[in-house]
Amino acid sequence: MDVDDDVPLILTWDEANSGLFNEEPERTDENGGAGNYDIVNNAVIVTPGPQNHRSQNVSLRQSWEMNYQEAAIYLQEGENNDKFFSHPRNPKALAAYLFAHNHAFYMMELLTGLMLLMLSLCEAPAVPSLRLDVYIHATLELFALVMVAFELCMKLRWLGVHTFIRHKRTMVKLCVLKLQFVEAIVVLIRQTSHMRVTRALRPIFLVDCRYCGAVRRNLRQIFQSLPPFIDILLLLLFFMVIFAILGFCLFSTNKLDPYFNTLENSIVSLFVLLTTANFPDVMMPAYSKNSWSCVFFIVYLSIELYFIMNLLLAVVFDTFNGVEKMKFKSLLLHKRCAIDHAFQLLVSRQRPMGVSLKQFDGLMRFYRPRMSARDRFLTFKALNTPGAQMLSLQDFYKFYEVTGLKWKARRSGEHWFDDLPHTTLIIFKGVNLLVKSKAFQYAMYVVVAVNGVWILVETYTLSGGFSESKFVPWSYIIFLTIYGVEVLLKLGGLGPMAYFSSGWNLFDFSVTVFAFLGLIALAFNMQPFYFIVVLRPLQLLRLFKIKQRYRNVLDTMFELLPRMASLGLTLIIFYYSFAIVGMEFFAGVVYPNCCKVPLISLDGSSTLLTLAVSPLRNSTVADSYRQAPGNTTDLEEGYYYLNNFDNILRSFVTLFELTVVNNWYITMEGVTSMTSHWSRLYFMTFYIVTMVVMTIIVAFILDAFVFRMNYSRKNREAFENSEEENGIIYEVEVSRDEVLATLDFYKQGSPSSVSSLHKVLQAMDRSEHSSLVYQGRRSRTKSDLSMKMYEEEMEEWYAEYSRENRSQLDPTLEPDLDSLISAPQTGPHHVG
């Protein structure tokens, strides 16, 4: 039987396959109609009528197309870590799934979430220049909420009611949507805004969109780290309360000590002392009366700050490390399960042990629609065991490693200049040896060091600050010329492809180009571009390449940048929620020359005095909020009245200052003096929440650095020369006969996609070779490093996965699952 006549081993979406291989009576679909559907251009088209009126060949082609698409969906779910319970189960669900899983829909989700967040700029209390009428911003809010409701309807259509209700995040989103919808209608009807603390829940709509998956993972990791964090936090608060009671008993008799005159003030003072923001001021009143009172504060800080706080970081780091490893294991096995599902959908009843090129090509048309026929063929070859005609399950397990490769023909020679004339070749070969020599590298390090010292001396000798000189320093021209010659030598000796494949070379090139632009700005007096000149000291970072440890630090920093961006967005989301709450309660509370409280005199009368509500006596809250009269400049002006919650932008700045914690208690006590002592709960809660997030960020940085160091020790050979670590590389040799056979295959199915294969034949004709070697290359990811680090554990994980899922899988898959445990994960084509 020809491959075209192969019958799928598993028939997906039975409504479309009920009459293909049996004589069962016609069935109706879930919608109550007797219909089927075709897949045309990645869209679902419902076709009426029973299937047995069609020819068997058409039905067989339809079945394969549906299997290809479902296999692609499984692989995408494995790649994106989407749970399989959301997998579409029928034609109606598939239509909604395809509609909701494309970049246009993802962008609509993202823009809707951002729009809801941006409304806080124009809602009361609004940024003055962005204020909108109530009617306008309420209408915009209703429009955005209708879009969210439409997104949820699409999700309900493909998930089904039962699965939709079980999805916790979706149900939370639905409840918040209902609440926001009612409030928006009330605002629109009343034409005025009321207290809406629930606006703090708007980030839920942004977090739930597809492009914020990293933020969701961060939040999940924070919640997973909470139990041990809360345990240590309770221990910390317990000691704080004990010391507060002890401090109240010891120091409340001192009438001049405002820090411990009540139990509440004792707790607040010690909470602020935990951040060291009020030390040693909090100690001085008691210390002035009795020098031995310093023992109380020394013991408290030693236990709370230097022991328990560090213990908190250690516990969170340990938990975070375990969570990271379990997350990698979960994702690895989830991908393995997705590959198992896809493999069963791609094999045929006649050939149940392997996937042919025809079936693999059908899969890739849905999984990577823009991939050329040449790249699909090369990917198949990279997965395939040499000498085999089909992909086994063991071959298919490398799917995620290989599908991201970028394919290019490998040069016949070792260097780009090997095909040049002899004289030119000798010149470029000498340049190649020069730029690769240690002497050249260390000579450039010396130049960079001298340049750094020169910049430092030049800057130190400037009097009156930095000035935009119209004259170009001669040192600038000399060093820039040296850097330019270095770039040209490396481009000539290594070739453009090899040169730009190194991250350090890209950095050197960028800094040199910016320095050249700065020279032009200076030479032609282009004042708006003078800032480029300030970037010159970035060249000094090249000195960190000398030592391996420095390279590890910088490599870790660059690897962390994408994840740090998601962590920063996570922190901004917390900022947004607290900013909304702060605006609702404290907008307009703080203003210049505020914080004047009534002084109760001995006879019971009250007068207004600028009084220190803060526990500090020498640096009072009132002085911190003082504004100089008129337009005069007063060096003693407090400026703390600028730290307010009058709009969302001011609130963000205030919250960032609270995160830094230096003098944060002045902002807290200023607001408290104008409202109520219960306001302190807001600021203390914010500190605890940011402490959780910042501890997670520190734990993440530590985990990444320790992981990198352990990896470099375990794979020391790969790190001997960091410039030679070019990521993951696969090599595939393609013969003319293979290309011609593949051309015949594509001409029968899709003649329009053969142009890329014709280019392969043309390349063979130009090189006068009967075969070509192609290199597939991609950058090394954290997942690749983890697979290298956890090689031994992975074998145990795969064995455990095999035992747990053996009964659920088809018996024909079992031999391959068992053989995988003892077989390496990379095929013979893998060279990097």
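Residues numbered from 1 in each chain as written. Predicted model: local features only at pLDDT ≥ 70, side-chain atom pairs only at ≥ 80, totals over all residues. Heavy atoms only, no water.

**Quick word on the packing of helix α9 (residues 263-274) against helix α11 (residues 294-346)**
Angle between the axes and distance between the axes are the two parameters that describe a pair of packed helices.
Then, in step 1: Where α9 contacts α11, the axes come no closer than 10 Å and their chain directions differ by 55°. Accordingly, the angle class assigned to the pair α9 and α11 is oblique. Relative to α11, α9 is oriented so that their crossing is right-handed. In this structure, α9 uses L270, F271, L273 and L274 to contact α11, whose residues at the interface are F296, F297, Y300, L301, E304, L305 and M309.
Then, in step 2: Looking at side-chain class alone, the contact of α9 with α11 contains ten nonpolar, no polar and one charged residues. (Axes fitted to C-alpha atoms, helices over the stretch in contact; angles between N-to-C directions. Helix = DSSP H or I, 4+ residues; strand = E, 2+ residues; numbered from the N terminus. Parallel < 35°, antiparallel > 145°, perpendicular 65-115°, else oblique. Left-handed = near helix turned anticlockwise from the far one by under 90°. Contact = heavy atoms within 4.5 Å. Nonpolar A, V, L, I, M, F, W, Y, C, P; charged D, E, K, R; others polar.)

**Things to note about the sheet that holds strand β3 (residues 406-409)**
Then, in step 1: Sheet architecture is open: three strands sit in the order β3-β7-β6, paired in antiparallel fashion. With partners counted over all chains shown, the strands left at the sheet margins are β3 and β6 (728-735), one partner each. Looking at each pair of strands side by side, their axes are set apart by 25° on average, direction ignored.
Then, in step 2: Here β6 runs beside strand β7 (residues 771-778); their pairing, made up of eight bridges, is antiparallel. Within the sheet, the bridge partner assigned to I728 lies in β7 and is R778.
Then, in step 3: Together, β3, β6 and β7 form the strand contacts of helix α13 (residues 373-383), whose direction differs from that of β6 by roughly 105°. (Pairing = 2+ DSSP bridges.)

**What about the nonpolar core?**
Buried together is how nonpolar side chains tend to be arranged in soluble globular proteins.
Then, in step 1: Core analysis: the largest hydrophobic core is formed by 84 residues, its most contacted members being L270, F297, L655, W664 and F683.
Then, in step 2: If you tally residues by element for this core, the top one is helix α25 (residues 680-714), at 13 residues.
Then, in step 3: Those residues in contact with L655, other than ones at most four positions away along the chain, are Y575, F578, A579, F645, Y682 and F686.
Then, in step 4: By size, the runner-up hydrophobic cluster in this structure holds 66 residues, among which are Y74, A342, W407 and A763. (Core = buried A, V, L, I, M, F, W, Y, C linked by side-chain atoms within 4.5 Å. Buried < 20%, exposed > 50% of the residue type's maximum accessible area, 1.4 Å probe, protein only.)

**Things to note about the packing of helix α28 (residues 782-789) against helix α29 (residues 791-805)**
Then, in step 1: Across the interface, α28 lies against α29 with an axial gap of 5 Å and an inter-helix angle of 85°. Between α28 and α29, the crossing angle belongs to the class labelled roughly perpendicular. Across the interface between the two elements, M787, K788 and M789 from α28 touch E791, E793 and M794 from α29.
Then, in step 2: For the contact of α28 with α29, a count of residues per class yields three nonpolar, no polar and three charged.

**Regarding α11**
In an α-helix, one turn spans 3.6 residues, which is why side chains three or four residues apart end up on the same side.
Then, in step 1: Its 53 residues give α11 an end-to-end C-alpha distance of 75 Å, which sits within 8% of 78 Å, the value for a rise of 1.5 Å per residue.
Then, in step 2: Along its length, α11 shows its largest kink, about 25°, at L301. (Expected span 1.5 Å × (residues − 1). Bend = angle between axes of the 7 residues up to and from the residue.)

**Some points on helix α18 (residues 474-494)**
Then, in step 1: In a regular helix each residue adds 1.5 Å, so 21 residues correspond to 30 Å; α18 covers 30 Å between its end C-alpha atoms and thus fits that length.
Then, in step 2: Along α18, the residues that are buried comprise S475, Y476, F479, L480, Y483, E486, V487, K490, G492 and G493.
Then, in step 3: In the segment just after α18, G495 is the residue with positive phi, at about 90°.

**Digging into a nonpolar patch on the surface**
Then, in step 1: A contiguous nonpolar patch, built from M107, L111, L114, M118 and Y211 and spanning about 460 Å² of accessible area, is present on the exposed surface.
Then, in step 2: Tracing the chain through its elements places M107 in helix α3 (residues 103-118).
Then, in step 3: For M107, a relative accessible area of 36% puts it in the partly exposed group. (Patch = residues over 30% accessible without salt bridge, like charges linked within 9 Å, V, L, I, M, F, W, Y side chains within 5 Å. Areas by Shrake-Rupley, 256 points an atom, 1.4 Å probe, with all protein chains shown as cover. Salt bridge = Lys/Arg side-chain N within 4 Å of Asp/Glu carboxyl O.)

**Considering the pairing of β7**
Then, in step 1: Of all eight residues in β7, six are buried; the element is thus mostly enclosed.
Then, in step 2: Two strands pair when backbone bridges link them, and β3 and β7 are joined in this way by four bridges, in the antiparallel orientation. Counted as the bridge partner of K408 is Q775 from β7.

**Some points on the confidence of the model for the protein chain**
Then, in step 1: In this model, the protein chain carries a mean pLDDT of 78, and residues with pLDDT of at least 70 account for 79%.
Then, in step 2: Confidence, read as mean pLDDT per element, is least for strand β1 (residues 35-40) in the protein chain (38) and greatest for helix α7 (residues 203-207) (94).
Then, in step 3: Counted against residues more than four places away or in other chains, residues 14-54, with its pLDDT under 50, gives 83 contacts.
Then, in step 4: Across residues 718-724, confidence stays below pLDDT 50; counting only partners more than four residues off in sequence or on other chains, it has 13 contacts. (pLDDT = per-residue confidence, 0-100.)

**Overview of the pattern of salt bridges**
Then, in step 1: The full count for this structure, using the stated rule, is 22 salt bridges.
Then, in step 2: Here E141 ties to R202 by a salt bridge, and the two come within 3.1 Å at their closest N and O atoms. Here the residue E141 occupies a position in helix α4 (residues 134-159), and R202 occupies one in the loop between α6 (168-190) and α7, the gap between them amounting to 61 residues. Here E141 and R202 have matching classes, each one buried.

**Digging into a negative patch on the surface**
Then, in step 1: On the surface, E791, E792, E795 and E796 cluster together to form a negatively charged patch.
Then, in step 2: Overall, the relative accessible area of 44% leaves E795 in the partly exposed class. (Lys, Arg positive; Asp, Glu negative; His and termini not counted. Charge placed at Lys NZ, Arg CZ, Asp CG, Glu CD.)

**Points about unusual backbone geometry**
Then, in step 1: The amide bond that connects A124 to the next residue, P125, takes the cis arrangement and shows omega of -5°.
Then, in step 2: In the segment running from F279 into P280, the intervening peptide bond is cis, with an omega of 10°.
Then, in step 3: Mapped onto the fold, P280 is located in the loop between α9 and α10 (284-289).
Then, in step 4: The backbone of N81 shows a phi angle near 60°, a positive value even though the residue is not glycine.

**What about the packing of aromatic side chains?**
Then, in step 1: Summed over the entire model, instances satisfying the criterion amount to 42 aromatic pairs.
Then, in step 2: Summarising the aromatic geometry, the rings of F296 and F297 are spaced 5.1 Å apart at their centres and angled 90° between planes, so their arrangement reads as edge-to-face. Per residue, the accessibility class of F296 equals that of F297, and both read buried.
Then, in step 3: The rings of Y575, F578, F585, F586, F645, F652, Y682, F683 and F686 are connected pair by pair, giving a single aromatic cluster.
Then, in step 4: Its guanidinium or amino end placed over the ring of Y400, K335 lies 5.1 Å from that ring's centre, counting from NZ or CZ.
Then, in step 5: Sitting over the ring of Y798, R336 keeps its end group 3.8 Å from the ring centre. (Phe/Tyr/Trp six-rings, centres within 6.5 Å; stacked < 30°, edge-to-face > 60°. Lys NZ or Arg CZ within 6 Å of the ring centre and 35° of its normal.)

**A short note on the environment of H758**
Then, in step 1: Note that H758 resides in helix α27 (residues 755-767).
Then, in step 2: Judged by its relative accessible area of 32%, H758 falls in the partly exposed class.

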